[in-house]
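A closer look at the structure
Listed below are the residues making up each chain.
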Amino acid sequence: VEALLRWVHPTRGAVPPDVFIPVAEDSKLIRRLGDFVVESVCREIGPKAPHTVSINLSPAQLNDGRLCERYLRELTSHGMSPDQIEFELTEAVLVDDFEQAKSRLLELHEAGFTVNLDDFGTGFASMGYLHMLPFSKIKIDKTFVQSIGRGEGPNKMLQALALLGDALSLDMVAEGVETEGQAAMLRLLGFEYLQGWHFGYPLRSDQLKIRNSGERAA
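Here the residue index of a chain counts from 1 through its sequence in written order. Reporting of local features is limited, given that this is a predicted model, to residues whose pLDDT is at least 70; pairs of side-chain atoms are given and counted only at 80 or more, and all residues count toward the totals for whole chains, interfaces and linings. Side-chain descriptors were evaluated using all non-hydrogen atoms of the structure, hydrogens and water having been removed beforehand.

**Comments concerning the state of the cysteines**
The rule for a disulfide is simple: a pair of cysteine sulfur atoms within 2.5 Å. A complete count under the given rule lists zero disulfides for this structure. For the unlinked cysteine Cys-42, the closest cysteine sulfur is that of Cys-68, found at 13 Å. Categorising residues by exposure relies on relative accessible area from a 1.4 Å probe, with only protein chains included: less than 20% of the type maximum marks a residue as buried, more than 50% marks it as exposed, and the intermediate range marks it as partly exposed. Taking relative accessible area as the criterion, Cys-42 reaches 2% and is therefore assigned buried.

Structure (structure tokens):
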């Protein structure tokens, strides 16, 4: 599952992440916000969850030299282990400060966290960087999935991305899958991992625990 950060403001209503995350980055509040997400996941999911939890990291958080140490301490205090968490970053991590990003991501990887590249295809990152960083998965942006059925071009592009994953020995995940038709086509094109509302809508943590309990009982 993936942790989704949402903010319902008392007067402005629902404020989307693409609005408040840049503000948090510019105002230097991103560290506190990131810590809040990790602490919330540890507290609400717990050590007995039958799944990993993906958490988005901002490239700005990689400026923190104690990031890995602090998150390990948070997990330990809740009885959790690093292999329960998958950190996801967008392509911006590859073009801002590559050497610093590489150092920080290697620290996370060596500590036992899984590190994934999210929203691939929306930025301008060089593919040559991909084999230099400890990514386990590449998540293809939903705009590629939404283009299915609009001619042969999009399908060939998706097939090429699936082959790229094979070449790099990385799991390729197609995001934004909303219909069985999209899912069936993606499987034919070589994708083993799919994500989207077709498989499940966002849930509160208490709803997720009830669903997991029902699946184990079944």
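**Notes on the pattern of salt bridges**
The term salt bridge refers to a side-chain nitrogen of Lys or Arg lying within 4 Å of a carboxyl oxygen of Asp or Glu. For the structure on display, the rule yields 15 salt bridges. Glu-2 is the partner of Lys-139 in a salt bridge, and the nearest nitrogen-oxygen pair spans 3.5 Å. Remark: Glu-2 occurs in the segment before strand 1 (7–9) and Lys-139 occurs in strand 6 (residues 135–140); sequence separation between them is 137 residues. Of the charged contacts, one joins Glu-69 and Arg-73 as a salt bridge, the two residues approaching to 3.6 Å between their closest N and O atoms. Separated by four residues within a single helix, Glu-69 and Arg-73 lie in helix 3 (residues 67–77), roughly one turn from each other. Under the relative-accessibility criterion, Arg-73 is labelled partly exposed at 47%. Each of Glu-2, Glu-88, Lys-139 and Glu-175 takes part in a single network of salt bridges with overlapping partners. Secondary structure elements follow DSSP: runs of H or I no shorter than four residues count as helices, runs of E no shorter than two count as strands, and numbering proceeds from the N terminus.

**Regarding the environment of Lys-209**
For Lys-209, the location among the structural elements is in helix 9 (residues 205–217). Its relative accessible area of 45% is what places Lys-209 among the partly exposed residues. When the C-alpha positions of Lys-209 and Asp-18 are compared, they lie 28 Å apart, and in sequence the two are 191 residues distant. Each residue touching Lys-209, except ones within four places of it in the same chain, is listed here: Glu-44 and Ile-45. Any two residues whose heavy atoms approach within 4.5 Å at even a single point are treated as in contact.

**As for the nonpolar core**
A general tendency of soluble globular proteins is for nonpolar side chains to be buried together. Buried Ala, Val, Leu, Ile, Met, Phe, Trp, Tyr and Cys residues form a nonpolar core when they are joined through side-chain atoms within 4.5 Å. If you look at the biggest cluster of nonpolar residues, it comprises 50 residues, and the most contacted ones within it are Ile-85, Phe-87, Leu-105, Leu-108, Ile-140, Leu-186 and Phe-191. Here this core takes five residues from helix 2 (residues 30–45), the largest share from any one element. For Leu-186, the contacting residues outside a window of four places in its chain are Val-145, Ile-148, Leu-158, Ala-174, Val-177, Phe-191 and Leu-194.

**Considerations on the sheet that holds strand 4 (residues 85–89)**
Strands sit in the order 3-4-5-6-7-8 across an open sheet of six strands; the sheet is parallel. Single-partner strands in this sheet number two, and they are strand 3 (53–56) and strand 8 (193–194). Each axis is a line fitted through C-alpha atoms, and for a helix only the stretch in contact is used; angles between axes span 0 to 180 degrees, taken between their N-to-C directions. Contacting strand 4, strand 5 (114–120) and strand 6, helix 5 (residues 98–111) crosses the sheet at an angle of about 130° to strand 5. Strand pairing requires that DSSP identify at least two bridges connecting the strands.

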